[in-house]
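Examination of the molecular architecture
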Amino acid sequence: SQTIHQWPATLVQPVGSPLSLECTVEGTSNPNLYWYRQAAGRGLQLLFYSVGIGQISSEVPQNLSASRPQDRQFILSSKKLLLSDSGFYLCACAALEGVNEKLFFGSGTQLSVL
Amino acid sequence: LAKTTQPISMDSYEGQEVNITCSHNNIATNDYITWYQQFPSQGPRFIIQGYKTKVTNEVASLFIPADRKSSTLSLPRVSLSDTAVYYCLVVGQSGGFKTIFGAGTRLFVKA
């Protein structure tokens, strides 16, 4: 079964600083990969998804970007963080089980922009 | 993708059965229904998935009526550790979870 590695677990960054969050997946090949963000007490917002190397789709306009340099690596970046970028960031991998897909999530990164 | 509506919060006591209902009036023919559980500071975890009628696994049961416009997640004999947020998702069978999770249902299990 697939395993999703996401780091760091927590991060405190000043406004205007760059960001790089990395997610790697084991146990599957050519997965669909996703970045979600969750504000405190809220549901998950889909930020980016990728169906393959170099293929990125953005769901909402924002200060963030994503890249997929390798099949099982998904990176979330920002050149200059804003206060509003604070939140809980989750990487997810879609796995096909039977005829349906399931999402498997990493452990998340709690980002605080101060 | 179909929009879902579920209660914001529910309270229960240990040992009780909990039923959380989700409305999805615009569900398409090829869509299926998935429920996730999320604990604080963790990613959501898959609970159960179904297309129609009843699905049961070691954790929960999922009841889907014939018109599929709603579904009910049933948690038998809840414990304190079942306190979490439960999300209902309707996803297309073609794949791709290109949807925004709703706020979910916050279940509080009391002793």
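Placed above this text is the structure.
Note that the structure is a prediction, hence the values are computed from the model and not measured.

This brings us to the overall build of chain A. Across its full length, chain A carries zero helices and eleven strands. Going from the N terminus to the C terminus, chain A shows its helices and strands as β-β-β-β-β-β-β-β-β-β-β. Taking 2.2 N^0.38 as the reference for a compact globule, 114 residues should give roughly 13 Å; the C-alpha atoms of chain A span a radius of gyration of 14 Å, in line with that estimate. Taken along its principal axes, the extent of the C-alpha atoms in chain A is 45 × 30 × 25 Å. The burial tally for chain A puts 51% of its 114 residues in the buried class. Accessible area of chain A: about 5,300 Å², with a carbon and sulfur share of 52%. Counting 7 positive and 7 negative side-chain charges, chain A places the averaged centre of each group 8 Å from the other.

Further remarks concern the side chain of threonine 34 of chain B. Residues and elements named next belong to chain B. For threonine 34, the position within the fold is in strand β3 (residues 31–38). You can call threonine 34 buried: its relative accessible area is 0%. There is a polar contact of 3.0 Å between the side chain of threonine 34 and the side chain of glutamine 49.

Applying the stated criterion to the full structure yields two disulfides over all chains. The partner cysteine of cysteine 23 of chain A in its disulfide is cysteine 91 of chain A, sulfur to sulfur 2.0 Å. The sign of the S-S torsion, about -70 degrees, decides the handedness of the disulfide formed by cysteine 23 of chain A and cysteine 91 of chain A: left-handed. Within this pair, whereas cysteine 23 of chain A is found in strand β3 (residues 19–26), its partner cysteine 91 of chain A is found in strand β9 (residues 87–97), the two being separated by 68 residues in sequence. Like cysteine 91 of chain A, cysteine 23 of chain A is buried. Between the sulfur atoms of cysteine 22 of chain B and its disulfide mate cysteine 88 of chain B the distance is 2.2 Å. The sign of the S-S torsion, about -80 degrees, decides the handedness of the disulfide formed by cysteine 22 of chain B and cysteine 88 of chain B: left-handed. Linking cysteine 22 of chain B in strand β2 (residues 18–23) with cysteine 88 of chain B in strand β8 (residues 84–92), this pair joins segments that are 66 residues apart in sequence. The closest cysteine sulfur to the non-disulfide-bonded cysteine 93 of chain A is located on cysteine 91 of chain A, 7.8 Å from its own sulfur.

Rules of the game
Residues numbered from 1 in each chain as written. Chains lettered and ligands numbered in written order. Predicted model: local features only at pLDDT ≥ 70, side-chain atom pairs only at ≥ 80, totals over all residues. Heavy atoms only, no water. Helix = DSSP H or I, 4+ residues; strand = E, 2+ residues; numbered from the N terminus. Rg over C-alpha atoms; globule rule 2.2 N^0.38 Å. Buried < 20%, exposed > 50% of the residue type's maximum accessible area, 1.4 Å probe, protein only. Areas by Shrake-Rupley, 256 points an atom, 1.4 Å probe, with all protein chains shown as cover. Lys, Arg positive; Asp, Glu negative; His and termini not counted. Charge placed at Lys NZ, Arg CZ, Asp CG, Glu CD. Polar contact = N/O pair within 3.5 Å; in protein donor to acceptor, adjacent residues only side chain to side chain. Disulfide = S-S within 2.5 Å.

The values reported here are purely geometric and, on their own, carry no functional implication.
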